[in-house]
Amino acid sequence: MKYGVAVVALLAACAARAHEGDPQPFGEPADPRKAARTIRIAMSDAFRFSPAEITVKKGQAVRFVPVNGGRLEHEMVLGTLADLKKHAELMRKHPHMEHDEPHMAHVAPGASGEIAWRFTRAGEFYFGCLIPGHFEAGMIGKIVVAP
(Lines give C-alpha, C1' and ligand atoms only; values in the text may rest on other atoms or scores of the structure.)
Protein backbone atom coordinates (compact mmCIF):
# COMPACT_ATOMS: atom_id res chain seq x y z
CA MET A 1 0.00 0.00 0.00
CA LYS A 2 2.91 2.30 0.79
CA TYR A 3 4.05 2.18 -2.88
CA GLY A 4 0.55 2.91 -4.16
CA VAL A 5 0.40 6.05 -2.06
CA ALA A 6 3.87 7.09 -3.29
CA VAL A 7 2.88 6.59 -6.93
CA VAL A 8 -0.32 8.58 -6.48
CA ALA A 9 1.61 11.38 -4.76
CA LEU A 10 4.25 11.45 -7.51
CA LEU A 11 1.65 11.51 -10.28
CA ALA A 12 -0.31 14.25 -8.50
CA ALA A 13 2.85 16.33 -8.11
CA CYS A 14 3.72 15.88 -11.80
CA ALA A 15 0.19 16.78 -12.87
CA ALA A 16 0.15 19.86 -10.64
CA ARG A 17 3.51 20.97 -12.02
CA ALA A 18 2.36 20.46 -15.61
CA HIS A 19 -0.90 22.31 -15.04
CA GLU A 20 0.81 25.21 -13.31
CA GLY A 21 2.81 25.75 -16.48
CA ASP A 22 6.19 25.40 -14.77
CA PRO A 23 8.78 24.37 -17.33
CA GLN A 24 10.71 21.16 -16.86
CA PRO A 25 14.37 21.56 -15.88
CA PHE A 26 15.27 20.63 -19.45
CA GLY A 27 12.86 22.94 -21.26
CA GLU A 28 9.26 23.42 -22.31
CA PRO A 29 6.80 22.26 -24.98
CA ALA A 30 7.09 24.03 -28.34
CA ASP A 31 4.85 24.53 -31.35
CA PRO A 32 5.91 21.85 -33.87
CA ARG A 33 5.06 24.22 -36.76
CA LYS A 34 7.66 26.69 -35.48
CA ALA A 35 10.47 24.17 -34.96
CA ALA A 36 13.87 25.23 -36.28
CA ARG A 37 14.81 21.58 -36.83
CA THR A 38 13.16 18.22 -37.28
CA ILE A 39 15.17 15.26 -36.01
CA ARG A 40 14.13 11.74 -36.92
CA ILE A 41 14.98 9.16 -34.24
CA ALA A 42 14.91 5.47 -35.21
CA MET A 43 13.82 3.06 -32.45
CA SER A 44 14.65 -0.63 -32.71
CA ASP A 45 14.01 -3.93 -31.00
CA ALA A 46 17.78 -4.07 -30.38
CA PHE A 47 16.88 -1.49 -27.68
CA ARG A 48 18.73 1.37 -29.31
CA PHE A 49 17.98 4.84 -30.63
CA SER A 50 19.65 6.17 -33.75
CA PRO A 51 21.10 8.71 -33.55
CA ALA A 52 21.95 8.12 -29.89
CA GLU A 53 23.46 11.60 -29.42
CA ILE A 54 22.07 14.90 -30.63
CA THR A 55 23.32 18.48 -30.28
CA VAL A 56 20.88 21.40 -30.26
CA LYS A 57 21.15 25.08 -29.40
CA LYS A 58 19.70 26.58 -26.23
CA GLY A 59 16.38 28.23 -27.01
CA GLN A 60 15.94 26.28 -30.24
CA ALA A 61 12.59 24.60 -30.85
CA VAL A 62 13.10 21.05 -32.06
CA ARG A 63 10.57 18.63 -33.51
CA PHE A 64 11.55 15.03 -32.72
CA VAL A 65 9.98 12.29 -34.83
CA PRO A 66 10.59 8.92 -33.17
CA VAL A 67 10.04 6.10 -35.69
CA ASN A 68 9.50 2.58 -34.39
CA GLY A 69 10.91 0.09 -36.91
CA GLY A 70 10.49 -2.85 -34.56
CA ARG A 71 7.78 -5.28 -33.50
CA LEU A 72 7.64 -4.07 -29.90
CA GLU A 73 6.09 -0.90 -28.57
CA HIS A 74 8.68 1.74 -27.67
CA GLU A 75 8.59 5.25 -26.27
CA MET A 76 10.77 8.32 -26.23
CA VAL A 77 10.80 10.30 -22.99
CA LEU A 78 12.92 13.45 -22.56
CA GLY A 79 14.43 14.32 -19.18
CA THR A 80 17.39 14.53 -16.90
CA LEU A 81 19.23 11.28 -16.30
CA ALA A 82 18.04 11.25 -12.67
CA ASP A 83 14.40 11.78 -13.74
CA LEU A 84 14.58 9.01 -16.34
CA LYS A 85 16.10 6.55 -13.86
CA LYS A 86 13.44 7.38 -11.27
CA HIS A 87 10.64 7.04 -13.83
CA ALA A 88 12.11 3.74 -15.15
CA GLU A 89 12.05 2.36 -11.60
CA LEU A 90 8.38 3.33 -11.21
CA MET A 91 7.59 1.68 -14.55
CA ARG A 92 9.25 -1.57 -13.40
CA LYS A 93 7.09 -1.58 -10.27
CA HIS A 94 3.92 -0.49 -12.10
CA PRO A 95 4.30 -1.64 -15.75
CA HIS A 96 0.73 -0.73 -16.72
CA MET A 97 0.96 2.84 -15.43
CA GLU A 98 -0.41 5.29 -17.98
CA HIS A 99 1.48 8.52 -18.59
CA ASP A 100 1.20 11.14 -21.27
CA GLU A 101 3.12 14.38 -21.14
CA PRO A 102 4.39 16.78 -23.84
CA HIS A 103 7.94 15.42 -23.40
CA MET A 104 6.85 11.82 -24.15
CA ALA A 105 5.89 9.86 -27.26
CA HIS A 106 4.51 6.32 -27.14
CA VAL A 107 5.10 4.64 -30.49
CA ALA A 108 3.43 1.45 -31.69
CA PRO A 109 5.33 -0.96 -33.96
CA GLY A 110 5.64 0.46 -37.48
CA ALA A 111 4.39 3.90 -36.41
CA SER A 112 5.93 7.28 -35.60
CA GLY A 113 5.32 9.93 -32.97
CA GLU A 114 6.15 13.55 -32.33
CA ILE A 115 7.63 15.65 -29.54
CA ALA A 116 8.10 19.39 -30.03
CA TRP A 117 10.42 20.84 -27.42
CA ARG A 118 12.38 24.02 -26.66
CA PHE A 119 15.51 23.49 -24.57
CA THR A 120 15.78 26.47 -22.22
CA ARG A 121 19.02 25.52 -20.48
CA ALA A 122 22.44 24.51 -21.75
CA GLY A 123 23.75 21.16 -20.56
CA GLU A 124 23.33 17.44 -21.07
CA PHE A 125 19.88 15.91 -21.07
CA TYR A 126 18.65 12.49 -22.12
CA PHE A 127 15.92 10.53 -23.83
CA GLY A 128 14.99 6.97 -23.07
CA CYS A 129 12.45 4.24 -23.54
CA LEU A 130 10.96 3.58 -20.11
CA ILE A 131 8.97 0.47 -21.00
CA PRO A 132 10.16 -2.07 -18.40
CA GLY A 133 13.45 -3.66 -19.46
CA HIS A 134 14.11 -1.36 -22.42
CA PHE A 135 15.96 1.42 -20.53
CA GLU A 136 17.94 -1.18 -18.58
CA ALA A 137 18.94 -2.85 -21.89
CA GLY A 138 20.51 0.42 -23.05
CA MET A 139 17.67 2.23 -24.82
CA ILE A 140 18.90 5.71 -23.93
CA GLY A 141 20.27 8.68 -25.85
CA LYS A 142 21.91 12.00 -24.99
CA ILE A 143 20.98 15.54 -25.96
CA VAL A 144 23.73 18.14 -25.67
CA VAL A 145 22.28 21.63 -25.46
CA ALA A 146 24.90 24.17 -26.52
CA PRO A 147 24.75 27.73 -25.15
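Description of the structure in this document. Note that this is a predicted model, so its numbers are computed, not measured. (Residues numbered from 1 in each chain as written. Predicted model: local features only at pLDDT ≥ 70, side-chain atom pairs only at ≥ 80, totals over all residues. Heavy atoms only, no water.)

**A word on the nonpolar core**
Membership of the largest hydrophobic core comes to 23 residues, with the highest contact counts inside it found for Phe64, Met76 and Leu78. Within the residue set of this core, elements represented by two or more residues are β2 (37–44), β4 (53–57), β5 (61–68), β6 (74–79), β7 (104–107), β8 (115–118), β9 (123–128) and β10 (140–146). In terms of residue count, β2 provides more of this core than any other element does, three residues in total. In this structure, Ala88, Met91, Met104 and Phe135 belong to the second largest nonpolar core, which totals eight residues. (Core = buried A, V, L, I, M, F, W, Y, C linked by side-chain atoms within 4.5 Å. Buried < 20%, exposed > 50% of the residue type's maximum accessible area, 1.4 Å probe, protein only. Helix = DSSP H or I, 4+ residues; strand = E, 2+ residues; numbered from the N terminus.)

**A word on the pairing of β9**
Pairing of β6 with β9 involves three bridges; the strand directions are antiparallel. Following the sheet pairing, Val77 is matched in β9 by Gly128. For β9 and β10, the ladder comprises six bridges, and the chain directions are antiparallel. Bridging from a neighbouring strand, Phe127 pairs with Gly141 of β10. (Pairing = 2+ DSSP bridges.)

**Focus: the pattern of salt bridges**
In the structure shown here, the tally under the stated rule is four salt bridges. Two residues, Asp31 and Arg33, come together in a salt bridge whose shortest N-O distance is 3.0 Å. On the basis of relative accessible area, Asp31 is assigned to the partly exposed category, the value being 23%. A residue is classified by how much of its surface remains accessible, and Arg33, at 74% relative accessible area, is exposed. (Salt bridge = Lys/Arg side-chain N within 4 Å of Asp/Glu carboxyl O.)

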